[in-house]
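Chain by chain, the residues run as shown.
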Amino acid sequence: MFLGVSAFYHESSVALVSKNGDLIDFQKEEWHSRVKGDKSFPKLSIEKIIKDNQDDYPNITEIIFYERPLRAWLTVIKDTIKNHGYLNDLSKNYFRNFFNGSMSFYKEISKFKELKKCKIKYFDHHLSHTYSALMYSESFFPKISVVIDGIGDNKTISIYKINSLTDINLIWSLDYPYSVGLFYSAITDFLGYGVNNGEFKVMALSSYGKPVFKDEFYKIMNFKDGKFNFDTSFFSYQYSTNKSYSEKLLNLIGEPRMSLNNLDMTDPNFSKYADIASSAQKILEEIVIKIFDYAYKKTKINNFIFSGGVALNSTLVSKISDLSYINSLEIPPSPGDSGASIGAAFYLSCDPKITKPISVNLYTGKVKYSKYFIEQKLNKLYDDKNIIKGAAELINDQKIICTCLGNIETGPRALGNRSFLCDARNEELVKKLNSDIKRRSDFIPTAPVMSIETSKKYFLINKINEKLAETMSTIVMANDNALLKYKSILHFDFTARIQIAKKNTFISNLLSSENANFEILANTSFNISSDPMVYSLEDAIMTMKRTGLKYLITDFGIFEIR
Amino acid sequence: MILTPENDKNLILTLVEFSYAEYGSALEMLRASKFVESPDLKMGYIEHAIDEYRHTELIYEVIANQIIDSENLNPRDIKFKPLNVILKGYIDKNAFLVEKLRLKNFVEFVYSNEFLAKISFDKLKLRIKDRKSIKIISGIMEEEQGHADSSIDTLNDIMRDEHRHWGYAKKYYENKYPQSKLKLAFLREKIKNRLRLIYLKNFKFLSNIFDPLINLLILVFAPISLLIKLPEDNRKNILDNDFNSII
């Protein structure tokens with residue numbers, strides 16, 4: 001057994017992987033602390049894994065951290081003191097917190113007496129991402145792994161040639177401080193959103209604008225034939241702890257957005273902000289496509305895996321999937337840092353003699369429920385044998401249902417086990433779900449879920465995005481049928497980030513139920529915007545009471561909140 | 001954890017701290033709901049958590065009302081970021097209170113904190129001028145008082161449960177609780193809050209001592225860090241790299 005740990009930069013997580021490469025358990029710290037984006041050492045997650053896997057944890061022989069702590073620390077500190085003086089905000093912060101970040105991993109993990117005998121290893125950050133993608137990919141080789149994120153160890157982009165699970169060549173890489181990911185985060189910051197959690201809002205906003213600043217942004221960065229030009233003088237992330245952009249960026253694109261409130265379409269500057277978002281999105285797409293072109297040109301390999309935080313940008317993914325030379329494009333369900341713990345642990349299980357079967361389980365976070373509690377405190381409407389029938393009837397009656405079923409989704413997207421669901425034809429209801437319940441800005445769309453057959457009726461689907469849509473990793477264009485019937489789940493540009501339900505899941509069984517008077521459901525994660533996804537029944541009831549929703553789907557039946 | 005705001009100069013930043021304190025309480029209550037077995041107690045803590053979450057949002061409404069007059073403040077410094085609840089120390093992830101304390105002590109803690117919260121909001125109210133915000137704060141104060149009262153009920157329920165469990169005489173517990181021990185708990189929390197305030201007040205002073213030390217450390221170690229060469233990747237098979245090394 002192997003334990004992978006990711007922590008201290010994005011959402012921290014822990015993965016337990018067996019010797020033959022199966023993901024036994026996966027826990028994100030934010031599920032337990034209930035602090036969204038919790039990046040602290042995943043103490044609660046490790047405790048949970050030890051408690052829930054009593055038979056397995058004594059067999060853990062190795063623990064692997066998803067990056068090399070000293071390399072990551074030195075990379076930033078060397079750059080900042082070399083280029084911005086010894087005593088800047090970032091250097092002070094880095095020195096002050098030397099023992100609080102990644103460097104504290106050994107100290108923190110050593111506190112677990114249950115893990116005292118385990119050997120500790122440190123994997124390369126971008127290899128952790130690569131292996132998280134490999135775990136969910138078809139086992140044929142060679143293939144190319146493209147990893148793009150803000151920063152990982154010392155790299156921000158890596159291209160690997162994967163000859164087998166135990167033979168990998170580094171083809172090309174880009175070192176910090178030059179970073180496409182940090183460029184996008186700086187624009188996120190400029191538009192008044194939080195770095196590391198507001199990037200998806202910038203992506204949604206981009207559809208409303210025109211890329212009028214694209215030429216300006218090309219002055220900041222460009223990529224051609226393996227040469228990356230990046231002007232760091234437009235940014236301050238290399239020396240500041242509270243701002244990502246410099247005065248020079250303001251001179252280029254104007255004043256940043258400063259507001260406590262959500263941006264909505266009535267804002268007098270909405271179109272200006274949308275143009276900036278559109279320009280950032282456009283240049284991100286063009287540069288990443290050039291990186292894929294370069295990888296293909298160098299290797300002539302047309303099967304790709306893509307990971308790192310930038311792979312969460314589903315609009316970008318859709319553009320890559322359209323590239324003519326691409327035969328396959330695979331993205332793990334959790335391509336960002338939280339999924340890197342899975343990759344690191346999976347690497348330890350890789351044996352040159354074994355070809356790993358593809359992992360198809362998208363719901364790996366084990367949860368224990370208190371049946372007695374909900375049966376005592378909620379009204380039971382349907383028993384456990386009539387869950388599908390009952391859920392279909394409630395949706396037919398134009399109700400919003402909440403699901404808290406089985407294991408929680410591995411990735412950040414709700415795929416039916418932790419979802420708010422309602423009939424996608426009902427525009428009013430979808431609007432209520434999006435703005436009143438989820439409290440989102442009015443320009444952020446709600447995603448739909450459907451069967452593969454239905455997706456072909458309403459959207460332009462090909463083999464590549466068919467698979468990507470199982471984890472909502474891409475967007476697709478709607479056809480005229482969808483425009484007539486399903487406006488509520490379409491974005492401004494007539495695209496949708498669809499989920500194609502995997503067979504034998506709750507959501508697939510619901511969609512194919514004989515009681516279902518619907519074929520597409522609006523599906524969004526079961527949480528309020530500043531909270532992590534609901535994990536336990538207590539979280540579910542708390543969220544429902546806060547939102548005023550009534551119907552809870554569980555493994556023990558369907559319940560109504562009193 | 002409750003702040004005592006009467007001497008704090010910046011009202012908006014004080015309100016921001018209050019919102020994190022309420023958010024921290026919400027997380028503590030939600031954690032408590034998962035820790036207890038009794039469905040009644042579970043639901044009680046869930047309801048309590050919901051109130052604390054709402055207080056966080058309400059305080060931000062008050063902030064929005066006040067911010068109109070404060071042109072000097074940067075929304076970036078005020079914006080609610082859930083992670084700050086850990087960074088600012090409003091929850092200790094090494095042990096949530098319900099795990100750290102015995103259940104009885106936890107309930108005592110809740111009681112005394114809610115009571116102190118009410119006092120703090122009372123003082124805060126005096127510094128707020130607009131009617132809408134005063135109404136919001138008054139609503140929060142009433143609820144804090146309600147939570148303090150219901151904590152006494154909860155404590156009595158626990159005593160009754162424990163009486164059944166251990167077979168002790170009910171009268172014994174009713175005589176012993178809640179008054180004397182609750183007074184002690186109240187005093188304990190008040191001292192803790194005072195210490196916290198002293199720490200906050202002296203933070204600037206402490207920074208003046210520690211900052212030069214950090215600067216000295218940087219001046220000594222930064223040149224050394226420049227000399228350390230990061231290892232080259234093995235391009236032939238990157239898996240031949242040494243994965244036992246932190247560099």
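Residues numbered from 1 in each chain as written. Chains lettered and ligands numbered in written order. Predicted model: local features only at pLDDT ≥ 70, side-chain atom pairs only at ≥ 80, totals over all residues. Heavy atoms only, no water.

Novice: Go over the overall build of chain A, please, and point to the residues and values.
Specialist: On a plain count of helices and strands, chain A comes out with 21 helices and 24 strands. Taking 562 residues into account, the globule formula puts the C-alpha radius of gyration at 24 Å, and chain A, at 23 Å, falls close to it. For chain A, the C-alpha atoms occupy an extent of roughly 65 × 60 × 45 Å along the three principal directions. Residues classed as buried in chain A amount to 65% of the 562 residues present. Contacts in chain A between residues at least 24 apart in sequence constitute 71% of all its contacts with a sequence separation of at least 6. A distance of 3 Å separates the average location of the 71 positive side-chain charges in chain A from that of its 63 negative side-chain charges. (Helix = DSSP H or I, 4+ residues; strand = E, 2+ residues; numbered from the N terminus. Rg over C-alpha atoms; globule rule 2.2 N^0.38 Å. Buried < 20%, exposed > 50% of the residue type's maximum accessible area, 1.4 Å probe, protein only. Contact = heavy atoms within 4.5 Å. Lys, Arg positive; Asp, Glu negative; His and termini not counted. Charge placed at Lys NZ, Arg CZ, Asp CG, Glu CD.)

Novice: Could you give an account of the pattern of salt bridges, naming the residues involved and the relevant values?
Specialist: Tallied over the full model, the rule gives 36 salt bridges over all chains. Glu285 of chain A serves as the salt-bridge partner of Lys319 of chain A, at 3.3 Å between the closest nitrogen and oxygen. Placement of Lys319 of chain A in helix H12 (residues 314–321) and of Glu285 of chain A in helix H11 (residues 270–299) is noted, with a sequence separation of 34 residues between them. Lys545 of chain A is the salt-bridge partner of Glu47 of chain B, the closest N and O atoms lying 2.6 Å from each other. Of this pair, Glu47 of chain B sits in helix H2 (residues 39–67) while Lys545 of chain A sits in helix H21 (residues 537–547), placing the two residues on different chains. The partly exposed category is assigned to Glu47 of chain B, whose relative accessible area is 33%. (Salt bridge = Lys/Arg side-chain N within 4 Å of Asp/Glu carboxyl O.)

Novice: Can you tell me about the interface of chain A and chain B, naming the residues and giving the values?
Specialist: Across the boundary between the two partners, chain A contributes 76 residues, which contact 59 residues of chain B. In total, chain A and chain B occlude about 5900 Å² of area from one another, counting both sides; carbon and sulfur atoms represent 62% of this. It is Tyr86, Phe95 and Leu260 of chain A in chain A that bury the most area against chain B; as a group they hold 12% of the surface buried on that side. Counting the contacts that link chain A with chain B gives seven salt bridges. (Buried area = accessible area lost by both parts, 1.4 Å probe.)

Shape is all these values report; function is a separate question.
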